[in-house]
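Spelled out from the first residue to the last, the chains are:
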Amino acid sequence: MTACSRCIYDERVPSISFDEHGVCNYCAMVDDLKRQYSTATPAGEAKLAAIVEQIKKDGKGRKYDCVVGVSGGTDSSYMLYKAIEWGLRPLAAHYDNTWNSAIATENIKKVLKKLKVDLFTYVVDNKEIDDIFKSFFLADVPEIDGPTDLALAEVLYRAASKHGVRYILEGHSFMTEGVAPLANIYFDGKYIRSVHAMFGRLPMKTYPLMDFAAFMKWILLKRIRKIRPFWYMAYNKEDARAFLEKDCDWVYYSGHHLENRMTAFNHSYYLPGKFGIDLRNLSLSASVRSGQLSRQEALQRYSEPPHMEDDLLEYFRKRLNLSDEEFERVMRRPPKSYLDYPTYKSLFEKLRPFFYVMAKMNLVPMSFYIKYTSKTGI
Amino acid sequence: MTMLRPRVIPCLLLNDESLVKTVKFGAYTYIGDPVNTVRIFNELEVDELAFLDITASRQSRRPNFKILEDIANECFMPLAYGGGICDIDDVGKIFGIGFEKVVINSHAIRNPAFITQVADKYGSQSVIGSIDARKNLWGRYEVFTHGGTSKDSRNPLEWAQELERLGAGELLLTSMDQDGTWAGYDIKLTQSVTSKVNVPVIANGGAGTVRHIGDVVKKGGASAAAVGSIVVFQGKGLGVLVSFPSKQELKDCLA
Amino acid sequence: MLTVVDYGMGNLGSIVNMFRKIGVQTVVAVDPAGIERADKILLPGVGAFDTAMARIEQQGLLESLNHKALVEKVPILGICLGMQLLTESSEEGTLPGLGWIPARTLAFKGRLDTMRYKVPHMGWNTVEKHTESPLTAGFESFEEQRFYFVHSYFVQCDDDRHSILKTAYGLRFDSAIRNGNVYGAQFHPEKSHAFGMQLFRNFARL
């Protein structure tokens, strides 16, 4: 099986291609982003400093000048520390999909208490979200956690809008996470609405759906920008964790995103089990690219099965009201993808030039432009 | 000397199948999924949990056994349930599911002998007599029932003594005025009751800081403090966040 | 198989749940046949002494329980009221107890200032090791050994060597006892988080 000579993505990764040196196009994408954003160079830091100054300026006279999405995880927790360090006045915003674990809530509590940052939370109705999750499960698609990701984006916008804030800081880092293949994780409002309409039973009332109209409202009318500081500055996840642990007793839960039980189920069981997707290759590949991990070691770790909490499956089945056999039956069904359902994809593709401009202005993330508007399905 | 630490008990309100939090028994905010929240509290190893179903109480409906079962399966600490309890068979069912105590409010007023019936069959430690009290225009305390929607007018102190006499092993004393205000418990009300009864009293309504918990125990004589807003919100007027004071914080405030 | 006795009084659900959580299979017994198959017995109990003893007798369990305890000498653990039943008698009632441990169950009321020490003794209290026993192995690893107590009556062993844990509540009483293969715990392990799990784990290993 062909694998990238540099990172550990192999031919199973959707839309992958290799150049004459055997290096994959995802590595090339990361290199390109690195150049664009001058990551971890004085030029990059200067760019970031300029943005921070602008945020302060635009936020004068208001209670908060930026919104930082928090989940209790490393990136968002560290992001808040940085925001405070830079002299910003952030409002922390959290989307509670009612599947949080105590680690998440405790970490959020500790970080916010230490930094004296206010919290805005949006809690979706538990029965409603379970119905939405279940419809994705029954739709045989990998994006069972897509509704969470999109809802978070919408909640951050709402929190920003409510307080007249024009900037959202996101803790995403292509250096530590790479660029995820679109076919693994696609989400937009039309996709969620169609899947829910087909397989759901309860009306969507409290779920914060970002449809195209809302999307345009946020970027064109409210002009709320998304900044990803870790794209400009040097960011090492291990160091960040050590710092957080020491400074406010933050707790690391082994593995990516395991503060939320739906995400845990998704990463540790659902994606590997039904789609053969093991998302650990994202962060492992990123660690290899940035030289933090050897390719050998990354492959070694990747070959070990992902960690899973006891009775996580039982919890999932119970909440979604699935019998053991119904659960098994659906798990064994052939996978489908976002291409099988109505989405905004073709609309995004048509608007490619428009979104390029938006990305340049930080109104949408550059990775959104790269993945969602491309016809080659990267 | 005794090492019996006063208990701090998250008191969670059920509205249909969702968790909510009220202010002065009025407007409520949606908090989240009951079972997941309970799971978090179990992970945080809280002392005890109390669940009050406010719809069952207001609409005189029977308990939602399915949810109670899901909740009991997640917990390895004592659980109390209240809301619309008026049937001895329902009580038996609730205990069988895995709850230790039932909280009886409105029905005790309607049929005081019910308290004795439950206490005789299952032991007084299984019955918590619940009193919701509010001050009237003249500053006198009055008892309310049905989730605070119906005034009974009797005096909470006398009613507390009566409940003890009837067999309640514990009392849950809630100040409706302080509920959801973050301003502290009604120490005076609590003290007036604890000084006159021999059973443990759980103070409820108004906790905003860990200090308040210490106060109601030390100055109010409460054996336990029920907490609501403080464990489901980051702070007054701030976002939903499920948490519990740390062991150190509790040790310090109760010292 | 670890057998939990169902005589209609006690938190079986929670007990079975906790054993399941620590990976121990249990079976519930309602009749003599169920008891006879047991190689380890857990006797729960919530409620009144006399009601419990009467029920056990009515269900015809007395003979098989006695046989298991005194003849076959399988490990037996009585919890809360279940521990009180192991004693010879209780001030709460008039019926005799199982009498497997020479001890008596006494009332807190009348021996304590109840304005200061409310009855029932309810809440988390600490235990102190009095005599070593396999049931309490590993307790030292916990910073504080606390368990959830709910009771209005307490046990006092005739022979202090049968006391394995002691607790203070106005007075000092035996919170865990042992006579050979028969053990008792006054608190509720199934409601005591990690502490309870450790105790159940120890009992399962006996």
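Residues numbered from 1 in each chain as written. Chains lettered and ligands numbered in written order. Predicted model: local features only at pLDDT ≥ 70, side-chain atom pairs only at ≥ 80, totals over all residues. Heavy atoms only, no water.

When you look at the overall build of chain C in this model, what are you seeing that I'm missing?
For chain C, the helix and strand inventory stands at six helices and 13 strands. Taking 2.2 N^0.38 as the reference for a compact globule, 206 residues should give roughly 17 Å; the C-alpha atoms of chain C span a radius of gyration of 16 Å, in line with that estimate. Overall, chain C is about 45 × 40 × 30 Å in size when its C-alpha atoms are taken along their principal axes. Contacts in chain C between residues far apart in sequence, at least 24 positions, make up 74% of those at least 6 positions apart. Carbon and sulfur atoms provide 49% of the accessible area of chain C, an area that totals close to 7600 Å². (Helix = DSSP H or I, 4+ residues; strand = E, 2+ residues; numbered from the N terminus. Rg over C-alpha atoms; globule rule 2.2 N^0.38 Å. Contact = heavy atoms within 4.5 Å. Areas by Shrake-Rupley, 256 points an atom, 1.4 Å probe, with all protein chains shown as cover.)

Help me understand the sheet that holds strand β13 (residues 182-185) of chain C, please; the structure alone is not making it clear to me.
Adjacent strands of a sheet pair through backbone hydrogen bonds, lying either parallel or antiparallel. Residues and elements named next belong to chain C. What the eight strands build is an open sheet, ordered β2-β1-β3-β4-β13-β12-β11-β8; its pairing is mixed. Strand pairing shows two members of the sheet lacking a second neighbour, β2 (26-29) and β8 (128-129), which therefore form its edges. When strand β11 (residues 163-169) meets strand β12 (residues 171-179), the two strands line up antiparallel, connected through six bridges. Across the sheet, residue A168 finds its bridge partner in β12, namely R172. (Pairing = 2+ DSSP bridges.)

Whenever I open this one, the side chain of E128(A) confuses me. Can you help?
Residues and elements named next belong to chain A. When you line up the elements, E128 lands in helix α5 (residues 126-138). Buried and without a salt bridge, E128 has K205 as its closest oppositely charged side chain, separated by 6.6 Å. A distance of 2.8 Å separates a polar atom in the side chain of E128 from the backbone nitrogen of Y207. In contact with E128, other than residues within four places in its own chain, are L202, P203, M204, K205, T206 and Y207. (Buried < 20%, exposed > 50% of the residue type's maximum accessible area, 1.4 Å probe, protein only. Lys, Arg positive; Asp, Glu negative; His and termini not counted. Salt bridge = Lys/Arg side-chain N within 4 Å of Asp/Glu carboxyl O. Polar contact = N/O pair within 3.5 Å; in protein donor to acceptor, adjacent residues only side chain to side chain.)

I'm lost on helix α4 (residues 62-71) of chain C in this one. Help?
Note on helix geometry: an α-helix contains 3.6 residues per turn, so any two residues three or four positions apart are oriented the same way. Residues and elements named next belong to chain C. Among all positions of α4, only S64, L65, K68 and A69 are buried. For α4, the angular spread of buried residues about the axis comes to 125°, placing them on one side. Opposite the packed face of α4, turned more than 90 degrees from it, sit the exposed residues E63 and V71. Among the structural elements, β1 (2-5), α2 (32-36), β3 (40-43), α3 (49-58), β4 (76-79) and β13 are those in contact with the buried residues of α4. K73, located one to two residues past α4, shows a positive phi value of around 55°. (Arc of directions from axis to C-beta.)

Would you mind going over the interface of chain B and chain C with me for this structure?
When the parts of a complex come together, some accessible area is lost, and that lost area is often used as the size of the interface. Tallying the contact residues gives 37 residues for chain B and 33 residues for chain C. Counting each side, the surface lost to burial between chain B and chain C is near 2900 Å², with a carbon and sulfur contribution of 52%. For the chain B face of the interface with chain C, the top three residues by lost area are L4(B), F76(B) and N198(B), together amounting to 26%. The shortest N-O distance in the salt bridge between K191(C) and E100(B) comes to 3.2 Å. Here chain B is connected to chain C by 15 residue pairs in polar contact (both at pLDDT 80 or more). Contributing elements (two or more residues each) for the side of chain B that touches chain C: α3 (65-74) and α4 (88-97) of chain B. Taken together, the residues that form the side of chain B that touches chain C break down as 16 nonpolar, 11 polar and 10 charged. (Buried area = accessible area lost by both parts, 1.4 Å probe. Nonpolar A, V, L, I, M, F, W, Y, C, P; charged D, E, K, R; others polar.)

What is the right way to read the interface of chain B and chain A from this model?
Facing the 27 residues of chain B at the interface are 30 residues of chain A. Between chain B and chain A the total buried area reaches about 2100 Å² when both faces are included, carbon and sulfur atoms providing 47% of it. Looking only at chain B, the three residues that lose the most surface to chain A are Y30(B), R39(B) and L241(B), adding up to 25% of its buried area. Linking chain B to chain A there are five salt bridges. For R319(A), the salt bridge goes to D33(B), with nearest N and O atoms at 3.5 Å. Run the count over chain B and chain A and you get 20 residue pairs in polar contact (both at pLDDT 80 or more). Those elements giving two or more residues to the side of chain B that touches chain A turn out to be β3 (28-32), α1 (34-43) and α3 of chain B. By residue class, the composition of the side of chain B that touches chain A is 12 nonpolar, eight polar and seven charged.

Whenever I open this one, the pairing of strand β2 (residues 18-22) of chain B confuses me. Can you help?
Note on strand geometry: in a regular strand, side chains alternate between the two faces of the sheet. Residues and elements named next belong to chain B. Burial analysis of β2 places five of its five residues in the buried class, which makes it a mostly covered element. Neither face of β2 is open: one carries S18, V20 and T22, the other L19 and K21, and all of them are buried. In terms of strand pairing, strand β1 (residues 7-15) meets β2 through three bridges, oriented antiparallel. In the strand pairing of β2, N15 is matched with S18. Taking the residues that link successive antiparallel strands as the turn, the β1-β2 hairpin has two residues, and the phi of D16 there is positive, at about 60°.

What exactly am I supposed to notice about the sheet that holds strand β5 (residues 225-227) of chain A here?
Residues and elements named next belong to chain A. Taken in spatial order, the five strands of this open sheet run β3-β2-β1-β4-β5, and their pairing is parallel. Strand pairing shows two members of the sheet lacking a second neighbour, β3 (119-123) and β5, which therefore form its edges. Neighbour to neighbour, the strand axes of the sheet diverge by 30° on average, direction disregarded. As paired elements, strand β1 (residues 66-69) and strand β4 (residues 167-169) share two bridges and run parallel to each other. Looking at the pairing, V68 lines up with L169 of β4. (Axes fitted to C-alpha atoms, helices over the stretch in contact; angles between N-to-C directions.)

Explain the packing of helix α11 (residues 261-275) of chain A against helix α15 (residues 324-332) of chain A to me, please; I cannot follow it from the model alone.
Residue and element names in this part refer to chain A. Remark: α11 packs on α15, axes separated minimally by 9 Å, with the N-to-C direction vectors making an angle of 60°. Classified by the angle between their axes, α11 and α15 sit oblique to one another. Contacts between α11 and α15 involve F265, Y269, Y270, G273 and K274 on the former and, on the latter, F327, E328, V330 and M331. Grouping the amino acids of the contact of α11 with α15 by side-chain chemistry returns six nonpolar, one polar and two charged. (Parallel < 35°, antiparallel > 145°, perpendicular 65-115°, else oblique.)

Please explain the packing of aromatic side chains as it appears in this structure.
To describe a pair of aromatic rings, you give the distance between the ring centres and the angle between the ring planes. Taken as a whole and judged by the stated rule, the model has 58 aromatic pairs over all chains. Aromatic pair Y37(A) and W231(A): ring centres 5.1 Å apart, planes at 75°, arrangement edge-to-face. With a gap of 194 residues between them, Y37(A) in helix α1 (residues 25-37) and W231(A) in the loop between β5 and α10 (237-248) connect regions that are remote in the sequence. When the centroid spacing of 5.9 Å and the interplanar angle of 80° are considered together, the rings of F108(C) and Y169(C) count as edge-to-face. Of the two residues, F108(C) is situated in the loop between β6 (103-107) and β7 (121-126) and Y169(C) in strand β11; the sequence distance between them amounts to 61 residues. Side by side, F108(C) and Y169(C) carry an identical accessibility label, which is buried. Positioned over the ring face of Y9(A) is R289(A), at 5.4 Å from the centre of the ring. (Phe/Tyr/Trp six-rings, centres within 6.5 Å; stacked < 30°, edge-to-face > 60°. Lys NZ or Arg CZ within 6 Å of the ring centre and 35° of its normal.)

Just to check I follow, could you spell out the pairing of β3(B) for this structure?
Sheet topology places β2(B) next to β3(B); four bridges connect them, and they run antiparallel. Note that in β3(B) the partner of K21(B) across the bridge is T29(B).

I keep staring at unusual backbone geometry and nothing clicks. Help me out?
Excluding glycine, a negative phi dihedral is what most residues carry, and trans is how most peptide bonds are arranged. Of note, the amide linkage connecting V119(C) to P120(C) takes the cis form, showing an omega dihedral of 10°. With a phi close to 60°, D16(B) is a non-glycine residue in the positive phi region. For E45(B), which is not glycine, the phi torsion reads 55° and is therefore positive. Take E45(B): it is sitting in the loop between α1 and β4 (49-53).

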